[in-house]
Amino acid sequence: MSAFSLHSIDRDVLLSDQVDRRELKRIVQECQQVIEKGVTGDVVEFGCYVGTSSVYLAKLIEGSDRQLYLYDSFEGLPEKVAKDQSPVGLQFRSGELLATKRQLITNLKRANVTMPVIKKGWFSDLTPSDVPANIGFAFLDGDYYHSVMDPLKLIWPNLTPGAVIVVDDYANEALPGAAHAVNEWLRTHSGKLTVYASLAIIQT
Ligand SMILES: C[S@@+](CC[C@H](N)C(=O)[O-])C[C@H]1O[C@@H](n2cnc3c(N)ncnc32)[C@H](O)[C@@H]1O
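Report follows, based on the coordinates. (Residues numbered from 1 in each chain as written. Predicted model: local features only at pLDDT ≥ 70, side-chain atom pairs only at ≥ 80, totals over all residues. Heavy atoms only, no water.)

Quick word on the site of the ligand
Then, number 1: Around the ligand there are 24 residues in total, and G47, T52, D72, D141 and S147 lie nearest to it.
Then, number 2: At a separation of 3.2 Å, an oxygen atom of the ligand approaches a polar backbone atom of L97.
Then, number 3: Its free accessible area being 600 Å², the ligand has 98% of it covered by the protein chains.
Then, number 4: A breakdown of the residues in the shell around the ligand according to their chemical character gives nine nonpolar, eleven polar and four charged. (Near = heavy atom within 4 Å. Polar contact = N/O pair within 3.5 Å; in protein donor to acceptor, adjacent residues only side chain to side chain. Areas by Shrake-Rupley, 256 points an atom, 1.4 Å probe, with all protein chains shown as cover. Nonpolar A, V, L, I, M, F, W, Y, C, P; charged D, E, K, R; others polar.)

See the structure below:
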């Protein structure tokens, strides 16, 4: 297991402002707890951008038999649907938050971590063969309704007992689609929801 310390998140220069330190710490801590509890399965992140959160998830599982899987369009955000519309979220537009796969790989190399599996594509085009058979922890950071709902549908059958899903922007009025997706999903699927800052933490 890695000698990774959560405290490094307080000191490090982060790769982007897409996740704040307090939330980043909680995301990584949730993953750490999954590992400590012996919940099996790989780690997936949908919406990795330049890798701000990915590098810490990679550091955490470094040296273990878990694999990190990263998914992104590398074309930025898709179009919004009605559930994503918010008068305070006008800055989020199609094509925003574009990072290239090359940028991500450069950042991961600089962090000196084992290279994750990286899949480029729209989440709606991914199929069950694109995700690991056993998933213990998932971080969903796609900002929009379908960008959260599509990964939820894809990963749910492969979650191991005790798996945890963290969804960013659940309590962010600029990005209401994330909360719509989580709330709709939990109406028909069992999971205990905890809200921390803007994160939804779903204990399955
Ligand atoms: C907020 S950023 C992710 C930030 C990242 N977790 C970090 O810590 O740096 C959202 C990312 O999700 C990707 N994205 C959003 N919706 C997507 C979709 N439907 N399919 C593929 N990628 C998507 C965007 O390209 C963007 O890079």
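Points about helix α3 (residues 54–61)
Then, number 1: The buried count for α3 comes to seven of eight residues, which makes it a mostly enclosed element.
Then, number 2: The complete set of buried residues in α3 reads S54, V55, Y56, L57, A58, L60 and I61.
Then, number 3: Summarising the contacts, the buried residues of α3 are in contact with α1 (8–11), α2 (21–36), β1 (42–46), β2 (68–72), α4 (101–110) and β4 (135–140).
Then, number 4: Among the residues trailing α3, G63 stands out with phi positive, at a value near 85°. (Buried < 20%, exposed > 50% of the residue type's maximum accessible area, 1.4 Å probe, protein only. Helix = DSSP H or I, 4+ residues; strand = E, 2+ residues; numbered from the N terminus. Contact = heavy atoms within 4.5 Å.)

Remarks on the packing of aromatic side chains
Describing an aromatic ring pair means giving the distance of the ring centres and the angle of the ring planes.
Then, number 1: Applying the stated rule across the entire model yields four aromatic pairs.
Then, number 2: Arranged with centres 6.1 Å apart and planes meeting at 55°, the rings of F4 and Y56 form a pair that is tilted. Taken as a pair, F4 in the segment before α1 and Y56 in helix α3 lie far apart in primary sequence, 52 residues in all. Here F4 matches Y56 in class, with each residue buried.
Then, number 3: For the pair F46 and Y71, a centre-to-centre distance of 4.2 Å together with 5° between the ring planes defines the contact as stacked. Highlighted residues: F46 in strand β1 and Y71 in strand β2, separated in sequence by 25 residues.
Then, number 4: On the basis of relative accessible area, F46 is assigned to the buried category, the value being 0%.
Then, number 5: The structure contains a cluster of three or more aromatic residues connected by ring pairs, namely F46, Y71 and F123.
Then, number 6: Residue placement shows R26 over the ring face of Y196; its charged tip is 4.7 Å from the ring centre. (Phe/Tyr/Trp six-rings, centres within 6.5 Å; stacked < 30°, edge-to-face > 60°. Lys NZ or Arg CZ within 6 Å of the ring centre and 35° of its normal.)

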